[in-house]
Amino acid sequence: MRIVLILVALIFANPASAITGKEVWQNWQMAGASHGWFVKQSHVTDLQHGIRVDDLLVSNDSGLVISLTGLTFADGANGEVKVAFGPKLEVLAPVTKTALLTVESQGAVLLFKDAARGFAIAADSVALISPDSANKAARFALDSVTGGITFGMPDGAKMIPIEASLHVGDIDYNISDISDPARVVLLDGKIHEVDFKGAAKMPVAMAGHDLAAEDAFKAGFGFDMTLTNGPMHAHVNSDARDLNATGLACKMTFTMDQGRFAFRDDCGDGELRLKGPDTATEAVLTLQKLLVQVSAPVNSMAKPSDVNFLVSLKDAKANDAVWAKVDPKNALPHDPMSVVLDMAMLARWNIFDDATTEGFKPEAVNLRQFDLNIAGMAASFSGHGITNPGNYAMPFGEGVLDGKVSGLNRLLNAIIDAGMVSSGDIFPVRAAMAIVFDPGASADVLTTHVETKQDGSIFVNGVQMK
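This is a predicted model, so every value here is computed, not measured.

Asker: Sorry if this is basic, but what is going on with the overall build of the chain here?
Answerer: The helix and strand tally for the chain stands at 7 helices and 25 strands. For the chain, the proportion of its 466 residues judged to be buried stands at 35%. By sequence separation, contacts in the chain at least 24 residues apart represent 53% of the contacts at least 6 residues apart.

Asker: Which parts of the structure should I look at to understand the side chain of Asp 327?
Answerer: With respect to the element layout, Asp 327 can be found in the loop between helix H4 (320-326) and strand E18 (337-349). Salt bridges are absent for the buried Asp 327, whose nearest opposite-charge side chain, Lys 329, sits at 8.3 Å. If near-sequence neighbours (up to four positions away) are discounted, Asp 327 is found in contact with Leu 332, His 334, Ala 418 and Met 420.

Asker: For this particular structure, what's the right way to read the nonpolar core?
Answerer: One recurring pattern in soluble globular proteins: nonpolar side chains tend to sit buried together. In this structure, Met 377, Phe 381, Val 405, Leu 408, Met 433 and Phe 437 are the most contacted members of the largest nonpolar core, which totals 26 residues. Mapped onto this core, the elements with two or more residues apiece are E18, strand E19 (360-374), strand E20 (377-387), helix H6 (408-417) and helix H7 (423-436). If you tally residues by element for this core, the top one is H6, at 4 residues. Leave out the neighbours within four places in its chain, and Phe 437 touches Phe 381, Val 405, Leu 446, Thr 447, Thr 448 and Asn 461. One finds Trp 25, Ile 51, Val 53 and Val 58 within the second-largest nonpolar core, a separate group that totals 14 residues.

Asker: Would you explain the packing of H6 against H7 in this entry?
Answerer: Packed helices, taken two at a time, are described by their axes: the angle between them and the distance between them. Running from N to C, H6 and H7 point in directions that differ by 165 degrees, and their axes come no closer than 10 Å. Our classification of the angle between H6 and H7 gives roughly antiparallel. Read as a crossing pair, H6 and H7 show a hand that is right-handed. Of the residues in H7, those touching H6 at Leu 408, Asn 409, Leu 412, Asn 413 and Ile 416 are Ser 423, Ile 426, Val 429, Arg 430 and Met 433.

Asker: Which parts of the structure should I look at to understand the packing of aromatic side chains?
Answerer: Aromatic ring pairs are reported here in terms of the distance separating the ring centres and the angle at which the planes meet. For the structure on display, the rule yields 4 aromatic pairs. For the ring pair Trp 28 and Phe 73, a centre distance of 5.6 Å and an interplane angle of 75 degrees mean the geometry is edge-to-face. Taken together, the residues span a long stretch of sequence, with Trp 28 in helix H2 (residues 21-34) and Phe 73 in strand E3 (residues 65-75) at a distance of 45 residues. For Trp 28, a relative accessible area of 18% gives the class buried. Summarising the aromatic geometry, the rings of Phe 196 and Phe 223 are spaced 5.9 Å apart at their centres and angled 25 degrees between planes, so their arrangement reads as stacked. Residue Phe 196 is found in strand E12 (residues 183-203), and its partner Phe 223 is found in strand E13 (residues 222-238); the two are separated by 27 residues along the sequence. Judged by its relative accessible area of 22%, Phe 196 falls in the partly exposed class.

Asker: Would you explain the environment of Val 460 in this entry?
Answerer: With respect to the helices and strands, Val 460 occurs in strand E24 (residues 458-460). We classify Val 460 as buried; its relative accessible area is 10%. When the C-alpha atoms of Val 460 and Val 450 are compared, they prove to be 4.6 Å apart, with 10 residues separating the residues in sequence. In this structure Val 460 touches Ile 435, Val 436, Thr 448, His 449, Val 450 and Met 465, once residues within four positions along its chain are discounted.

Asker: Can you walk me through the pattern of salt bridges in this structure?
Answerer: Between side chains of opposite charge, pairing is possible as soon as their charged atoms come close. What the rule picks out here adds up to 11 salt bridges. Close ionic contact of Arg 348 with Glu 363 constitutes a salt bridge, the shortest N to O distance being 2.7 Å. Taken together, the residues Arg 348 in strand E18 and Glu 363 in strand E19 connect sequence positions 15 residues apart. The class of Glu 363 is partly exposed, set by a relative accessible area of 25%. The network of salt bridges with shared partners includes Arg 264, Asp 266 and Lys 289.

Asker: Help me understand the pairing of strand E23 (residues 445-452) in this model?
Answerer: Each regular strand displays side chains that alternate between the two surfaces of the sheet. Sheet analysis places strand E22 (residues 438-439) next to E23, joined by 2 bridges and oriented antiparallel. In the strand pairing of E23, Asp 438 is matched with Thr 447. Connecting E22 to the next strand, E23, in antiparallel fashion are 5 residues, including Asp 444 with a positive phi near 55 degrees. The sheet contact formed by E23 and E24 spans 3 bridges and is antiparallel. Looking at E24, one finds that Glu 451 is bridged to Phe 459. In this antiparallel pair of consecutive strands, E23 and E24, the connection spans 5 residues, and Gly 456 shows a positive phi of 100 degrees.

Each value, and the rule that gives it
- Residues numbered from 1 in each chain as written.
- Predicted model: local features only at pLDDT ≥ 70, side-chain atom pairs only at ≥ 80, totals over all residues.
- Heavy atoms only, no water.
- Helix = DSSP H or I, 4+ residues; strand = E, 2+ residues; numbered from the N terminus.
- Buried < 20%, exposed > 50% of the residue type's maximum accessible area, 1.4 Å probe, protein only.
- Contact = heavy atoms within 4.5 Å.
- Lys, Arg positive; Asp, Glu negative; His and termini not counted.
- Salt bridge = Lys/Arg side-chain N within 4 Å of Asp/Glu carboxyl O.
- Core = buried A, V, L, I, M, F, W, Y, C linked by side-chain atoms within 4.5 Å.
- Axes fitted to C-alpha atoms, helices over the stretch in contact; angles between N-to-C directions.
- Parallel < 35°, antiparallel > 145°, perpendicular 65-115°, else oblique.
- Left-handed = near helix turned anticlockwise from the far one by under 90°.
- Phe/Tyr/Trp six-rings, centres within 6.5 Å; stacked < 30°, edge-to-face > 60°.
- Pairing = 2+ DSSP bridges.

Here it is as structure tokens:
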């Protein structure tokens, strides 16, 4: 956000006529100085059509230094200036001057269009390298980076319209931490595609200054971003226990529109492998599909608004090594597990409020679906109700909950046969089941209907319990 706002400031500082590379370089220095970044060292060479800046060092009051090997401002036709970045940029620590972050790039170009009041950026490849020590490293390699940001002129309302887009092709990432012999972390994979587009209207008075995220959203900022992640490979070795995750591929979507945000993460076909020092075989958990969706307002403290949440886990399976630990007598059904939780709330909500109890106040809950299938048991619940904010003794007012469970008695018998618990331990559970559930239409099927009233009374299957 800070870099974007600096660019807003320097773009509007330029005259409407054709601009030169030397003027862009001067404006960048002034914009940086207004934010506490000053050029400490540079070697400027005049070119036939522009300038070249070498040995550039920029620092701030805290001593943080940015080092750039080369920067070329080439004058072009129609008032355009092409800014080419050198092959290497480093962020250096204040005292030791060791590299905290290294950016290596090829073909990185910033096309400055004064007539359109905007710029476009493109690069053949970019690599971000962050070595924390000799044994720690993080590397991200980006290919085919294209996109642009366009800034409009102020209108009568003194607002600056902004449009932005960015497309990144393949992103290879490799992260390692082998500094601790008892704990080794390796992560690598590929992000196949990142697409971002957004639009906003920013008050002119805010241009060039720090702007809190909440202020940006209030100013009308909106965006749509999609990230497609290829198979991920992760390895963690801690105390001689190996944990490997492979094959997980996800597509994540983020949107912001009219003060509401939405997030969707759709993943599938992954597995976790765990091997300890005392086991000859690996414990393997496989996942066919995982879906997570969230949508909510950024700030709805003035009046309640819809908050929606969905998580769906389909066909999670464990191999025989896992079941051998959990169920050595092979008494339990080894069916895949599936879970669906789909709910909505009417709530006052502020995502920027650090005080959780004050920043989230639900007033009504709608449980659209809760399904659980595990070890031969299937349960399904739905319901709705209003809340009593501040009443912790009776948090829910008037509401209804309906449920149906099949295979629960069979599962409890299997747990006893597996030797996990005794029949005496299960007795309180069966007693509670007799109170909460009624027999269903067929064997080993139970149903329930729960009602809560505004006066605090509770009815279970037509019988008042409170």
